[in-house]
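Chain residues, written in single-letter form:
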Amino acid sequence: MRDILSDLSEAMSDPDPVRRAQIQMKRPLPKRFYKEVSTDRTDEGFRILLDGRPVRTPGKKLLAVPAQPIADRLKAEWDRQGEEIDPAKMPVTRLVNTAVDGVADNLDAVFEEIVRFAGTDMLCYRADSPDGLVARQREGWDPVIRWAADAKGARFILVEGVMHQEQPALAIEAFSAALAAYRDPLALACVHTVTTLTGSALLGLALAEGVIDADKAWSLAHVDEDWQIEHWGTDEEAFRRRELRREELDIAAAVLADIPR
């Protein structure tokens, strides 16, 4: 079983969902080798068992999560597999593998990367025209900026255009202090996923805090893109890439909501 899971590692871990799909299409899928999927609880968390044997990550670590609802999501993915194991249909497993194999051993680096995102956060960079886009950014993004300032003490500077603006050190420190509440591998993996998919650490934190939901985070992340689509349209490849990214965000948001706080 471990060898099969190792064979799946590349297809399940590439950060680009389109690249993952391409990898998966190029290689034969492994045959399903188990009949029964179950869960149990140990000191290490809630495990997934295949015919009574615990699942390991591609890095040979125990696949364990901090809450039964997340284990249920994992179990459902493994249960749904047919005659073959298709990593494209296992987004929760992929996310947990990332947390266990990658984030756990690089917690500080992942944390600091999210903080760096906040220093150049998309929500702080505003268009100066056309008026419709300016208004849409203001209406959508200003409430999140105000929440960060009022609730977290993170007062960010807004800029017109794309020229880099150094954010106040106090704002970054306040953001970092708020993010520290999610400094565990799975929660941080979820926030990092949302941050990279949306281009905004502020949206990632607001989602984690329950200030916005996945639908709102997605719509706020695509204010500019939606404006362009409304005026210029889109193509099938771009639309498919967007669908895959939305699926990733929804999974991260759902798992994040299941983590006990």
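Residues numbered from 1 in each chain as written. Predicted model: local features only at pLDDT ≥ 70, side-chain atom pairs only at ≥ 80, totals over all residues. Heavy atoms only, no water.

Once that is clear, we can look at the packing of aromatic side chains. For the structure shown, the criterion picks out two aromatic pairs. Ring centres 5.2 Å apart and planes at 80° place the aromatic pair Phe33 and Tyr34 in the edge-to-face group. Every member of this aromatic cluster is reached through a ring pair, and the members are Phe33, Tyr34 and Trp78. A cation over a ring is seen here: Arg183 above Phe111, with NZ or CZ 4.4 Å from the ring centre. (Phe/Tyr/Trp six-rings, centres within 6.5 Å; stacked < 30°, edge-to-face > 60°. Lys NZ or Arg CZ within 6 Å of the ring centre and 35° of its normal.)

Our focus in this paragraph is helix H9 (residues 201-208). For H9, a buried count of eight out of eight residues is recorded, marking the element as mostly surrounded by other parts of the structure. Along H9, the residues that are buried comprise Ala201, Leu202, Leu203, Gly204, Leu205, Ala206, Leu207 and Ala208. As for H9, its buried residues are in contact with helix H5 (107-119), helix H6 (131-152), helix H7 (169-179), helix H8 (185-198), helix H10 (214-221) and helix H12 (236-258). The N-capping residue of H9, defined by a side-chain oxygen 3.3 Å from the backbone nitrogen of Leu202, is Ser200. (Buried < 20%, exposed > 50% of the residue type's maximum accessible area, 1.4 Å probe, protein only. Helix = DSSP H or I, 4+ residues; strand = E, 2+ residues; numbered from the N terminus. Contact = heavy atoms within 4.5 Å. Polar contact = N/O pair within 3.5 Å; in protein donor to acceptor, adjacent residues only side chain to side chain.)

Checked against the element boundaries, Thr198 lands in helix H8. Reaching out from Thr198, the side chain makes a polar contact with the backbone oxygen of Val194 at a distance of 2.8 Å. Ignoring anything within four residues of it in the chain, the contact list for Thr198 reads Met122, Leu203, Ala217, Ala221 and Leu249.

The next thing to look at is the pairing of strand E2 (residues 45-50). Where burial is concerned, most of E2 is hidden: six out of the six residues are buried. Here strand E1 (residues 37-42) pairs with E2 via six bridges, running antiparallel. From the neighbouring strand, Ser38 faces E2, where its bridge partner is Leu49. Once E1 ends, the chain turns through two residues before running back antiparallel as E2. Relative to strand E4 (residues 64-65), E2 runs antiparallel, the two sharing two bridges. Bridge pairing in E4 places Phe46 opposite Val65. Sheet topology places E2 next to strand E3 (residues 53-54); two bridges connect them, and they run antiparallel. Bridge assignment links Leu50 to a residue of E3, and that residue is Arg53. (Pairing = 2+ DSSP bridges.)

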